[in-house]
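So the chains spell out like this:
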Amino acid sequence: MEITNLGKADGLPPVDWAAVAEKLDAGSAPAPDAANSRTTWLSTINEDGSPHVTAVGALWLDGTFWFQTGAGTRKGRNVARDPRCSVAVSVRDADVVIEGDAARVTEPGALARIAKAWADNGWPAKPDDSGLGITAPFNAPSQGPPPWNVYRIEPRSAIVTVAAEPGGLTRFRF
């Protein structure tokens, strides 16, 4: 892993990636009185090269982010054409942006594992009978009808900003 301390000129220490990954693994949320929120944001690339940013119900599992969407959604069309994307989320005392490529997941074991993770977090997802996606009794209406495609974002790089003392701003390349 290549680590660049972007806060060095300001006397800030490098961020400890293991501590950030531990918070992501635990589903850490910002402090109740924090100005940031637990919304997870996905940024994809529109056909004209402009960014498209939308809130998603992404999960961090096994060192990577997972999200689901209908094939006809803008984010679904965008990652089918250009897999480059980023995910931004706030955890306790830090903001995290992960960049990588979205890859559609159709392997039955992986779909079952991520569906169970969503179900364990309160959204009763399960693999669809087609074996190509997931379904649930409800989803955002904009997702279209199930089955919904599942994507895995393998982190290529991350930038972490730590707001708590002593602070920090660090880029990680994996």
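Everything quoted here is computed from the prediction, not taken from an experiment.

Caption draft 1: How the structure looks around the side chain of threonine 73. Summarising the element assignment, threonine 73 is placed in the loop between strand E5 (64-69) and helix H2 (74-81). Judged by relative accessible area, which is 8%, threonine 73 ranks as buried. Within the structure, threonine 73 has its side chain in polar contact with the side chain of threonine 69 (distance 2.6 Å). In contact with threonine 73, not counting residues within four places along its chain, are Ser142 and Gln143.

Caption draft 2: Main features of the nonpolar core. Ranked by internal contacts, the top residues of the largest apolar core, which has 25 residues, are Trp17, Leu24, Phe65, Phe67, Val96, Ile153 and Val160. Contributions of two or more residues to this core are made by helix H1 (17-25), E5, strand E6 (84-91), strand E7 (94-105) and strand E10 (149-162). Once you skip the residues sitting within four places of it in the chain, phenylalanine 67 turns out to touch Leu42, Ala58, Lys75, Val79, Ala102, Trp118, Asn149, Val150, Tyr151 and Ile153. Core analysis: the next-biggest nonpolar cluster, separate from the first, contains 15 residues, Leu59, Ile114, Trp118 and Ala136 among them.

Caption draft 3: How the structure looks around H1. Buried within H1 are the following residues: Trp17, Val20, Ala21 and Leu24. Around the axis of H1, the buried residues are gathered within 100 degrees of arc, so they sit on the same side. Turned more than 90 degrees off the buried face of H1, the exposed positions are Ala18 and Glu22. Where H1 is buried, its residues touch strand E4 (59-61), E5, E6, E7, E10 and strand E11 (168-173). Put simply, aspartate 16 is the residue that caps the front of H1, since its side-chain oxygen is 3.2 Å from the backbone nitrogen of alanine 18. Phi turns positive one or two residues past the end of H1, at glycine 27, with a value near 70 degrees.

Conventions used here
- Residue indices follow the written sequence of each chain, beginning from 1 at its first position.
- In view of the model being predicted, local features appear only for residues whose pLDDT reaches at least 70, and side-chain atom pairs are presented and counted only at 80 or more, with totals across whole chains, interfaces and linings using the full set of residues.
- Only hydrogens and water are set aside when side-chain values are computed; all heavy atoms of the structure are taken into account.
- Segments assigned H or I by DSSP are reported as helices when at least four residues long, segments assigned E as strands when at least two residues long, and all are numbered from the N terminus.
- Only protein chains enter the area calculation, which uses a 1.4 Å probe; residues under 20% of their type maximum are buried, those over 50% are exposed, and those in between are partly exposed.
- For this analysis, a polar contact is any N or O atom pair within 3.5 Å, provided that within protein one partner can donate a hydrogen and the other can accept it, and provided that sequence-adjacent residues contribute only side-chain to side-chain pairs.
- Any two residues whose heavy atoms approach within 4.5 Å are treated as being in contact.
- What we call a nonpolar core is a set of buried Ala, Val, Leu, Ile, Met, Phe, Trp, Tyr and Cys residues that are connected through their side-chain atoms within 4.5 Å.
- Note that the arc is defined by the directions from the helix axis to the C-beta atoms.

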